[in-house]
Amino acid sequence: MTARVPARGPEGCTDPAWHVEVDQDQCIGSGMCVALLPKRFVLPGDAARVLPGAADGVPDEALLDAADSCPALAITVTDRATGRIVGPRP
Ligand code: SF4
């Protein structure tokens, strides 16, 4: 029997089922995502970025809230297993 090696992800994450990206061309730099989730997003200039190591993580309601709250719909959350877009929600 082979031991399952946990995938790498944010601190404490052993099952990085979701992936988040910010579309640099779509982002208008409102800073909403940084205010909601400063551990995942940063706004170094005109567009937000996902912090290094924070792109993959366990399913997270707060991440969906950030995607839903983005005024430019620039945040996309994807289920890595299925490829389905889970955020922003319709
Ligand atoms: S909330 Fe959306 S538009 Fe605002 S900084 Fe984040 S990604 Fe950019």
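Scroll up to find the structure.
Residues numbered from 1 in each chain as written. Predicted model: local features only at pLDDT ≥ 70, side-chain atom pairs only at ≥ 80, totals over all residues.

Draft legend 1. Looking closely at the site of the ligand. For the ligand, the set of nearby residues contains 15 residues, the closest of which are Cys27, Ser30, Met32, Cys33 and Cys70. Here the shell around the ligand is built from residues that sort into twelve nonpolar, three polar and no charged. (Near = placed C-beta within 6 Å. Nonpolar A, V, L, I, M, F, W, Y, C, P; charged D, E, K, R; others polar.)

Draft legend 2. Molecular detail of helix 2 (residues 61-69). Those residues of helix 2 that sit buried are Leu63, Ala66 and Ala67. An end-on view of helix 2 places all buried positions within 95 degrees of arc, on one side of the element. In this structure, helix 2 carries Glu61 and Ala62 as exposed residues pointing more than 90 degrees from its buried face. If you follow the buried residues of helix 2, they end up packed against strand 1 (18-22), helix 1 (32-36), strand 5 (75-79) and strand 6 (85-87). (Buried ≥ 20, exposed ≤ 12 C-beta atoms within 10 Å, placed from the backbone. Helix = DSSP H or I, 4+ residues; strand = E, 2+ residues; numbered from the N terminus. Arc of directions from axis to C-beta. Contact = placed C-beta atoms within 7 Å.)

Draft legend 3. The arrangement of the sheet that holds strand 4 (residues 56-57) in detail. Here four strands make up an open sheet; going across it, the order is 4-1-5-6 and the pairing antiparallel. Strands at the two margins of the open sheet, each flanked by one partner only, are strand 4 and strand 6. Summarising the sheet, strand 1 and strand 4 pair through two bridges and their orientation is antiparallel. Each bridged residue has a counterpart across the sheet, and for tryptophan 18 the counterpart in strand 4 is glycine 57. (Pairing = 2+ DSSP bridges.)

Draft legend 4. Examining the nonpolar core more closely. In terms of nonpolar packing, the biggest core is built from 15 residues, with Cys33, Leu63, Ala66, Ala67, Cys70, Ile75 and Val77 touching the most fellow members. Those elements that provide at least two residues to this core are strand 1, helix 2 and strand 5. The residues touching isoleucine 75, leaving out its near neighbours within four places in the chain, are Val20, Val22, Cys33, Ala66, Ala67, Cys70, Gly87 and Pro88. (Core = buried A, V, L, I, M, F, W, Y, C linked by C-beta atoms within 7 Å.)

Draft legend 5. Structural context of the pairing of strand 1. Residue alternation in strand 1 divides its side chains into a buried set, Trp18, Val20 and Val22, and an unburied set, His19 and Glu21. Here strand 1 pairs with strand 5 via five bridges, running antiparallel. Its bridge partner being in strand 5, valine 20 is matched across the sheet by valine 77.

Remember that the coordinates give geometry; whether it matters functionally is a separate question.
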